[in-house]
Amino acid sequence: MVNPNEPRALLTPAMRGVLDRIARAGHPPLHALSPEQAKAAYEAGAGVLEIPRQPLDRVEDLRIPARDGHVLPARLYAPASPQPLPVLLFFHGGGFTVGSVNSHEALCRHLAHLAACAVVSVDYRLAPEAKFPTAVHDAWDSLAWLRGQADALGLDGARIAVGGDSAGGTLAAVTAIAARDAGWPLALQCLFYPGCAGHQDTASHKTFAHGFLLEELHISYFFGHYLRSEADRDDWRFAPLDGVDEQGHVRELDDVAPAWIGLAECDPLTDEGVMYADRLRHAGVAVDLEIYAGVVHGFINFGRAIPEAMTAHNHAARALRQAFGDD
């Protein structure tokens, strides 16, 4: 019997079973690998517990120019439609160090299907080769490009949302703030367990530091490769919850795009996600917050094993349909 005083007692039986199977497999943790090995290991494991890839009428590889001349690979997913579709610009998770368009293809295909929208998933540059704030710049340049190319792609440039999971959720949140600053309206920011805080010192970081898939050692490993120095932790482009701008001011959130935020209960990032939702609400931003009980960080990519993954996909898709005016 599980001790009810232990955090592990919060896990659903299915989630506990997945974690047990991962432990029995005995693979070295990502933080014990070189960045190159970690990237390869993450790609090899991606999709093992995912749902089958949703067939779609339109899947196209794209090339997005960044400000420094680098070309970012991206992929467009879309169902058939006689009219220009609204579009979700998506940034994958992976601690700014691992992950890719390929690792999140099943999720993006399913969201495109469920929300009846296009999804453009971006391969922004990763650490350690690309340090902060390169990924932030790549995310912003992707939005600027999409706004300019929407008509040519048969998309509705007046209905754009940004979204992502984990580190990709951070990039989406930061991009939404920058879009507000630029006067570029967004329909929604769709955030799956985003990183929001500059320092990992909340209660959930302590409670779920070990044994819940995303461990403190992973977070330190990722950020150690991504950040140029400890000072970057206090930059709002890394920490939209409590980071500051060049003048030392916390970035205000008034008039930022409405948000759908989906969190995992047993996740080091849960508390900062809740606090970010609170800050948005206090700024007058409409927020739909869902906390999925008994699951861990990354659960949305475990659709074959974790029922809550499908629930989260459907909730996010419903929020997108409503934001696009299609529900």
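Structure's up top.
What you are looking at is a predicted structure, and each value in this text was computed from that prediction instead of being measured.

Asker: Before we go on, may I ask you to explain the pairing of strand E7 (residues 259-266) in this structure?
Answerer: Here is the key point about a regular strand: its side chains alternate between the two faces of the sheet. With seven of its eight residues buried, E7 lies for the most part within the structure. As judged from the four bridges shared by strand E6 (residues 189-192) and E7, these two strands associate in the parallel manner. For Leu191, the partnering residue across the bridge sits in E7 and is Ile261. Strand direction decides the pairing type here: E7 and strand E8 (residues 287-296), joined by seven bridges, are parallel. Looking at the pairing, Cys266 lines up with Val296 of E8. After leaving E7, the chain enters helix H8 (residues 270-282) and then returns to the sheet as E8, a path that is right-handed.

Asker: Looking at this structure, I do not really get the sheet that holds E6. What am I missing?
Answerer: Within a sheet, neighbouring strands are paired by backbone hydrogen bonds and run either parallel or antiparallel to one another. One open sheet holds the eight strands; their spatial order is E1-E2-E4-E3-E5-E6-E7-E8, and the pairing between them is mixed. Lying at the two open borders of the sheet, with one neighbouring strand each, are strand E1 (58-65) and E8. Mean inter-strand twist for the sheet, computed between neighbouring axes without regard to direction, equals 20°. Looking at chain direction, E1 and strand E2 (residues 71-78) are connected through eight bridges and run antiparallel. Residue pairing for E2: Leu62 is matched across the bridge by Ala74. The strands touched by helix H3 (residues 105-115) within the sheet are E1, E2, strand E3 (85-91), strand E4 (118-122) and E6, with E2 carrying the most contacts at an inclination of about 45°. Running over the sheet, H8 touches E6, E7 and E8 and is turned about 155° from E7.

Asker: Looking at this structure, I do not really get the environment of Met310. What am I missing?
Answerer: By secondary structure assignment, the location of Met310 is in helix H9 (residues 307-324). The exposure class assigned to Met310 is partly exposed, which follows from its relative accessible area of 22%. With residues up to four places along the chain from it excluded, the contact list for Met310 reads Ile51, His110 and Gly303.

Asker: Any chance you could explain the side chain of His225 here in plain terms?
Answerer: By the secondary structure assignment, His225 is in helix H7 (residues 216-226). Residue classification places His225 among the buried residues on the basis of a relative accessible area of 19%. Leave out the neighbours within four places in its chain, and His225 touches Pro35, Thr97, Ala127, Pro128 and Lys131.

Asker: Looking at this structure, how should I read the layout of surface pockets?
Answerer: If a probe as big as a water molecule is rolled over the atoms, it shows which places are left empty. Its volume calculated, the largest pocket comes out at about 1400 Å³. Along the wall of the largest pocket there are 49 residues; nearest its centre are Ile22, Leu30, Tyr42, Leu213 and Phe302. Taken together, the elements giving at least two residues each to the lining of the largest pocket come down to helix H1 (13-25), helix H2 (35-45), helix H5 (167-182) and H7. Element by element, the count of residues in the lining of the largest pocket is highest for H1, at seven residues. Split by residue class, the lining of the largest pocket holds 26 nonpolar, 17 polar and six charged.

Asker: Even after reading the chapter, I still don't get the environment of Gln189, so can you show me in this structure?
Answerer: Note on placement: Gln189 falls in strand E6. Along the sequence, Gln189 and Thr175 sit 14 residues apart, while their C-alpha atoms lie 9.1 Å from each other. Those residues in contact with Gln189 that lie beyond four places of it in its chain are Val162, Ala172, Ala173, Ala176, Val256, Ala257, Pro258, Ala259, Trp260 and Leu280.

Asker: Looking at this structure, I do not really get the packing of helix H4 (residues 134-149) against H5. What am I missing?
Answerer: For any two helices packed against each other, the geometry comes down to the angle between their axes and how far apart the axes lie. Following both chains from N to C, one finds H4 and H5 inclined at 55°, their axes separated by 10 Å at the closest point. Relative to H5, the element H4 is oriented oblique. By crossing handedness, the relation of H4 to H5 is classed as right-handed. Residues Ala135, Val136, Ala139, Trp140 and Leu143 of H4 lie in contact with H5, whose contacting residues are Leu171, Val174, Thr175, Ala178, Ala179 and Ala182. Here the residues of the contact of H4 with H5 sort into ten nonpolar, one polar and no charged.

The rules we used
Numbering of residues begins from 1 in every chain and follows the order in which that chain's sequence is written. Selection of residues for local features in this predicted model requires a pLDDT of at least 70, selection of side-chain atom pairs for listing and counting requires 80 or more, and totals for whole chains, interfaces and linings are taken over all residues. The side-chain quantities take in all heavy atoms of the structure and omit both hydrogens and water. Burial classes: relative accessible area under 20% of the type maximum marks a residue as buried, over 50% as exposed, and values in between as partly exposed (1.4 Å probe, protein chains only). Put simply, DSSP H or I for four residues or longer makes a helix, DSSP E for two residues or longer makes a strand, and each gets a number counted from the N terminus. In short, DSSP must find at least two bridges between two strands for them to pair. By convention, a crossover is right-handed whenever its connection, traced from the first strand over the helix to the second and viewed with the strands pointing away, goes clockwise. Axis angles are defined between N-to-C directions and span 0 to 180 degrees, where every axis is a line fitted to C-alpha atoms and, for a helix, only to the segment in contact. Any two residues whose heavy atoms approach within 4.5 Å are treated as being in contact. Only protein atoms enter the 1 Å grid used here, on which a cavity is any set of points holding a 1.4 Å probe that cannot leave and a pocket is any open set flanked by protein within 12 Å on both sides along at least five of seven lines; residues with an atom within 4 Å of a point are listed as lining. Grid points are joined across faces, edges and corners, and a volume is the space filled by probe spheres set on the points. Following the grouping adopted for this structure description, the nonpolar residues are Ala, Val, Leu, Ile, Met, Phe, Trp, Tyr, Cys and Pro, the charged ones are Asp, Glu, Lys and Arg, and the polar ones are all others, Gly among them. Angle categories: roughly parallel below 35 degrees, roughly antiparallel above 145, roughly perpendicular from 65 to 115, and oblique for all the rest. Handedness of each helix crossing follows the sense of rotation of the near helix against the far helix: counterclockwise by less than a right angle gives left-handed, clockwise gives right-handed.

What is shown is where atoms sit, not what they do.
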